[in-house]
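Chain by chain, the residues run as shown.
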Amino acid sequence: MKEFFQLLKQGNKSALMAAVVNAVVSLVKGTTYIFTGNVAMFAETLHSLGDAANQLFVFTGSALSKKRPTKRFPKGFGRVVNLVLLGAVIVVGIMAYETIKEGVSHIFHPTESTGFLINLIVLLGCTALESTVLLKAMREIVHETGAEAKGLAIFPAAIKNLKQAKAATKLVFMEDTVATGGGLLAALAVVISHFTPFHQAEGIASILIGIMMFIVVGEVFLDNAGGAIGKSDEGMHLQVGQRIMTDPDVRDIQILTVIKEGDTFHVDAEVELDSALTLAEIDDIRNRIEDDLLQIDNISDVMITFDEEDSVMDWEYGDGR
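Each value, and the rule that gives it
- Residues numbered from 1 in each chain as written.
- Predicted model: local features only at pLDDT ≥ 70, side-chain atom pairs only at ≥ 80, totals over all residues.
- Heavy atoms only, no water.
- Helix = DSSP H or I, 4+ residues; strand = E, 2+ residues; numbered from the N terminus.
- Buried < 20%, exposed > 50% of the residue type's maximum accessible area, 1.4 Å probe, protein only.
- Contact = heavy atoms within 4.5 Å.
- Areas by Shrake-Rupley, 256 points an atom, 1.4 Å probe, with all protein chains shown as cover.
- Lys, Arg positive; Asp, Glu negative; His and termini not counted.
- Charge placed at Lys NZ, Arg CZ, Asp CG, Glu CD.
- Phe/Tyr/Trp six-rings, centres within 6.5 Å; stacked < 30°, edge-to-face > 60°.

(A) A look at the overall build of the chain. When helices and strands are counted, the chain shows ten helices and four strands. Start at the N end of the chain and walk to the C end: the helices and strands fall as α-α-α-α-α-α-α-α-β-α-β-β-α-β. The proportion of buried residues among the 321 residues of the chain is 46%. Looking at the chain alone, contacts between residues at least 24 apart form 74% of all its contacts between residues at least 6 apart. Looking at the chain as shown, the accessible area adds up to about 16200 Å², and 63% of this sits on carbon and sulfur atoms. Between the centroid of the 26 positive side chains of the chain and the centroid of its 41 negative side chains there is a distance of 9 Å.

In structure tokens:
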């Protein structure tokens, strides 16, 4: 149990913050829906409830993925976060379906909701809260990817570096982008429905929010399905290869595999050396390369094997010298 709580301390802080905020927001929205019957508020309640559950799973999964390797699982538990995220998208998918279903029903059977002012205040207030989580996620992306940005420049920097961020942070960013946009959309629908006879606006807003949720489901599923199976990272592959080729004794790289395990990378490389080198010299080269690669952020494991130089250049990106 002590180890479990120690792992929780290493969980993704953005996900934890998002889970708490969305739990509070879903409670406020749900209570408002009970009293007003506003279908856009219903959509936002399900959306926030799904996000809260989802992000709690993400926080737990990101923490458990930090567990040290064991004899039974020598590669570690990095992919746990991918498996948890695959399960989490099911929750969001169900909520998205219910949101769209309710929206369609309201379009065919529109009803006028009550409590215009309270609906608007709750939606705008909750959207402001969710935007703070979005800002936190953007800052995390900038920090995780080593980008330099301040003030308004954080938003474009986060978009640009989103693919290189940790899986949990990406999910929080995407979900709270949809949450913020969905809240504003729901508020607009409430205004239209109140000041015009077009009460179907709330149903249309509900459908659009559901569709945005499904887009997040698709993006998260595709990203984490690859992570759960084990996928390579082109940017890290190039960086590792160039780093290996800078070693003065390395002649070529025959095979290089860089597999992402959760938030970390495992490197497996077969490099060519001069056949005249002694075993002691080769051992020194191995230690030197491994120590050098382990200095790269998020690389947790390196395996280097050797073969003699064959005068055929296999490293397709050039020698990096």
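This is not the end of the story, as more comes after the structure.
(B) Focus on the packing of aromatic side chains. On inspection of all chains with the given rule, the structure shows two aromatic pairs. Their ring planes at 50 degrees and their centres at 5.2 Å tell us that Tyr-33 and Phe-42 sit as a pair that is tilted. Looking at Tyr-33, the relative accessible area reads 27%, which means it is partly exposed. On the basis of relative accessibility, which here comes to 18%, the residue Phe-42 falls in the buried class. Pairing Phe-116 with Phe-195 gives two aromatic rings, centres 5.4 Å apart and planes at 80 degrees, and the pair type is edge-to-face. Taken together, the positions of Phe-116 in helix H5 (residues 116-145) and Phe-195 in helix H7 (residues 167-195) put the pair 79 residues apart, joining distant regions of the chain. Look at Phe-116 and you get buried, because its relative accessible area is 19%. Residue Phe-195 is classed as exposed on the basis of its relative accessible area of 60%.

Functional significance is not addressed by these values, which are geometric in nature.
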